[in-house]
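# A look at the structure
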Amino acid sequence: MTFNASRTLLLEIDLQNDFCPAYTLPSGENSGGALAVNNGQAVIPPLNALAAALCAKGGWVAATQDWHPPGHISFASSHAGKKPGETADGGQVLWPEHCVQGARGADFHDSFEAKYANLILRKGFRMGLDSYSAFFENDRQTPTGLEGWARFLGIDTVIIGGLATDYCVFYSAMDCKRLGFATIIASDAVLGVDIPEGSLEGAIKTMKEAGIIFAPSKDLLKDIL
Ligand code: VGL
Ligand code: ZN
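Note that this is a predicted model, so its numbers are computed, not measured. (Residues numbered from 1 in each chain as written. Chains lettered and ligands numbered in written order. Predicted model: local features only at pLDDT ≥ 70, side-chain atom pairs only at ≥ 80, totals over all residues. Heavy atoms only, no water.)

## Quick look at the layout of surface pockets
Considered as a void within the structure, the largest pocket measures approximately 210 Å³ in volume. If you go around the largest pocket, you meet 15 residues; those closest to its centre are Gly90, Gly91, Gln92, Val93 and Asn138. Along the lines of polarity and charge, the residues of the lining of the largest pocket split into 7 nonpolar, 6 polar and 2 charged. (1 Å grid on protein atoms, 1.4 Å probe; cavity = no way out; pocket = protein on both sides within 12 Å on 5 of 7 lines; lining within 4 Å. Points joined across faces, edges and corners; volume = space filled by probe spheres on them. Nonpolar A, V, L, I, M, F, W, Y, C, P; charged D, E, K, R; others polar.)

## Considerations on the pairing of strand E5 (residues 119-123)
Put simply, side chains in a regular strand alternate between the two faces of the sheet. Of the two faces of E5, only one is covered, namely that formed by Leu119, Leu121 and Lys123; the face formed by Ile120 and Arg122 stays uncovered. As paired strands, strand E4 (residues 60-66) and E5 are joined by 5 bridges and run parallel to one another. Residue pairing in the sheet places Asp66 in a bridge with Lys123 of E5. (Buried < 20%, exposed > 50% of the residue type's maximum accessible area, 1.4 Å probe, protein only. Helix = DSSP H or I, 4+ residues; strand = E, 2+ residues; numbered from the N terminus. Pairing = 2+ DSSP bridges.)

## Examining the packing of aromatic side chains
Here the structure, examined in full by the defined rule, presents 7 aromatic pairs. With centroids separated by 4.9 Å and ring planes inclined at 85°, the aromatic side chains of Trp95 and Tyr167 adopt a geometry described as edge-to-face. Of the two residues, Trp95 is situated in the loop between E4 and E5 and Tyr167 in helix H3 (residues 165-178); the sequence distance between them amounts to 72 residues. With a relative accessible area of 4%, Trp95 lands in the buried category. Aromatic pair Phe170 and Tyr171: ring centres 5.1 Å apart, planes at 85°, arrangement edge-to-face. By relative accessible area, Phe170 is classed as buried at 13%. Taking relative accessible area as the criterion, Tyr171 reaches 28% and is therefore assigned partly exposed. Among the aromatic residues, those joined into a ring-pair cluster are Trp95, Tyr132, Tyr167, Phe170 and Tyr171. Against the face of Phe214 rests Lys208, its NZ or CZ located 5.0 Å from the ring centre. (Phe/Tyr/Trp six-rings, centres within 6.5 Å; stacked < 30°, edge-to-face > 60°. Lys NZ or Arg CZ within 6 Å of the ring centre and 35° of its normal.)

Next up, the structure:
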């Protein structure tokens, strides 16, 4: 499998403080991410390497940020009597408050080299609508604009990595494949939350069944031409 860099996009999902177990506050103190994925920061070095390689060869890099207003519908605290991990009427999975617009938790993690991104795309900014996918919000209809951006640039192949495998990576990859892009998950550059238990295994199985390819970043690095 080889890729022409000029038609390839690396899509880096939600490499933000709130999805990492530890980050540094401006005061120098350490904080934990509000919705930390176990070992989440481990996906960052392989993504930095992929982004550097792709940029050097004239490819494309887009980084997403989960970007919620205070009181967002996806926060358990916005629903009386609900706790994180529970589901609201209508099916929305509820989370701790995370990635609040402008807060330190919403910033990219310090180890993430966002400088390689040609595009930074924010999602989940509508009060009453969550957005896991980088392509469509959770009503499955409202576009984020990423599809048009990628098509206009002639992109045909998308390599995806980031957090979390069973939510934002999963929905982004499934939309990407459905839209007709060759879709590859950098297998060492994704980690999941597995809430509820089993969601990670189910997501991986569903992605493979949909024809999404899993490949380690060291192989992808060799294949970008
Ligand atoms: C995510 C849960 C809530 C993610 C975002 O980035 O996977 N998960 N918001
Ligand atoms: Zn979110």
